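Residue strings, one per chain:
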Amino acid sequence: MPKAMQYTKGSVIYFEGDHDDRIFIMQQGSVLLTSTDIESGLPVAEQVKSGEFFGVKSAFGHFGREETATALVPTIAVTLTVQEFEHLFSNNKQLIMKMLRVFSNQLRQIHKKTESILNNIAEDQQTGMLAVAKCFTDDEAYRSACDIYIKFLKRYPNATNKEEVAKLYSEAKMRNDRALAHARTKETIESIDPEDNSLKVFSLPAFERFAKQYEPGEVIISEYEPGDSFYLIQSGKVQLVKLVNGSLKNLDILKPGEFFGEMAILDNSARSATCMASGPVKCLEFNKENFELLITGNPQIALVLLKLFCKRIYDQKRRFRILCIKDLQARLADVFLMLDEMNPTLNPNEKTRKFHVTMADIAHWAGLSAEVTRDEINKLVEKRKIEVYDGYMIVTNIVDMKRTYETRVNPNR
């Protein structure tokens, strides 16, 4: 049962870094949330008003608190477990939409900060789509380039350069047809795992009208195009790539049960990444018109989206924190610490770690060029802190790696 808790003036409700699965609703009084800005290192403060929630993201994501919560005056706050919050959340349409939009905006803001620190200058939507298509062409991914040219021509039928784009499409299609003639694959769509609980609700016949199938390499959504639909993967895998300073960078691979494209639906923004089928894929496609009706009529979807936002906000902040580290050795050390957090060992006493990553993966996470990454990794190899092999790297002592990070980030500590 939800419980009302009383706090005296100056009481700390929880500290930054605490692991605590409670969610709070301000009932009376005032609470100040304080944290440190990742980029500037300056303190950040936000006051919680009556009726507002706090502590949601860390409770849902099961990670440490992002801020310290302090009662400014005698305060009463109602505490809920995650399960109690889910029950309340699923029966309140206004709350559902408000929280999804708030979290979507938070994720968008951290995306913008990441783009800024990487000096990735945003293109206008038309120029951006064509830049993505060009990168696919340069990478000889002609099928994907064709898909984006088609999307462009459908989105912008009156564009002044439509004839040029049509010609680029024809050239890419010719090259794609030629490639297919040399190597045709016969793959079938994987069936949905009936034991996957996250997909059971979407296996009902009512959802089948939303089903779409995609071939290997087919672009489902293109970076920079307007966002008017979002997707749930039923089978297969979806590759996320992003245009970064003139080249495409792999961001993630999504699996059955995961959503993508939902952020643009909530804040009416352009797509922030290209999503393409990695092998045969089956998705459920929901458009902007039925989005609100869909999630308010199906609380399970809203809860999945809320948890997804919590995780993505945390993951994006974690990566942004790495990019803000000036010392390159400390930055690389923190990349390995992040990988360790993402892949916890079953034996906490084991100090050696094996990560299935390449030099290109490390460069991506660290936001460094391939050359700089190679030079800095070699320094760690010379110090016998890591070993580099084809397709994987070994950190010889993760505790020592953490010490390297801490001493370089806080040399006077």
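Below you will find a few notes about this structure. Sequence order as written defines residue numbering, which begins from 1 separately in each chain. Residues qualify for local features only when their pLDDT is at least 70, as the model is predicted, and side-chain atom pairs are given and counted only at 80 or more; totals for whole chains, interfaces and linings, by contrast, use all residues. Side-chain figures throughout are based on the complete set of non-hydrogen atoms in the structure, without hydrogens or water.

### A look at the pairing of strand β17 (residues 392-395)
- Two strands are counted as paired when DSSP detects at least two bridges linking them. Under the DSSP-based scheme used, a helix requires at least four consecutive residues in state H or I and a strand at least two consecutive residues in state E, with every element numbered from the N terminus. Summarising the sheet, strand β15 (residues 353-355) and β17 pair through 3 bridges and their orientation is antiparallel. Within the sheet, the bridge partner assigned to F355 lies in β17 and is M393.
- Sheet topology note: the strand β16 (residues 386-389)/β17 ladder contains 4 bridges and is antiparallel. Residue pairing for β17: I386 is matched across the bridge by V395.

### Comments concerning the pairing of strand β11 (residues 229-244)
- Summary of the burial criterion: residues with accessible area below 20% of their type's maximum are buried, those above 50% are exposed, and those between are partly exposed, where the area comes from a 1.4 Å probe applied to protein chains only. Within β11, 15 of the 16 residues are buried, leaving the element largely enclosed by the surrounding structure.
- Pairing geometry for β11 and strand β14 (residues 274-287), over 11 bridges, is antiparallel. Note that in β14 the partner of V238 across the bridge is A277.
- Where β11 meets strand β13 (residues 259-260), 2 bridges bridge the pair, whose relative direction is antiparallel. Residue L232 lies in a different strand from β13, and its bridge partner there is F259.
- Pairing geometry for β11 and strand β12 (residues 247-254), over 7 bridges, is antiparallel. Residue pairing across strands places L240 opposite D252, the latter belonging to β12.
- Connecting β11 to the next strand, β12, in antiparallel fashion are 2 residues, including N245 with a positive phi near 50°.

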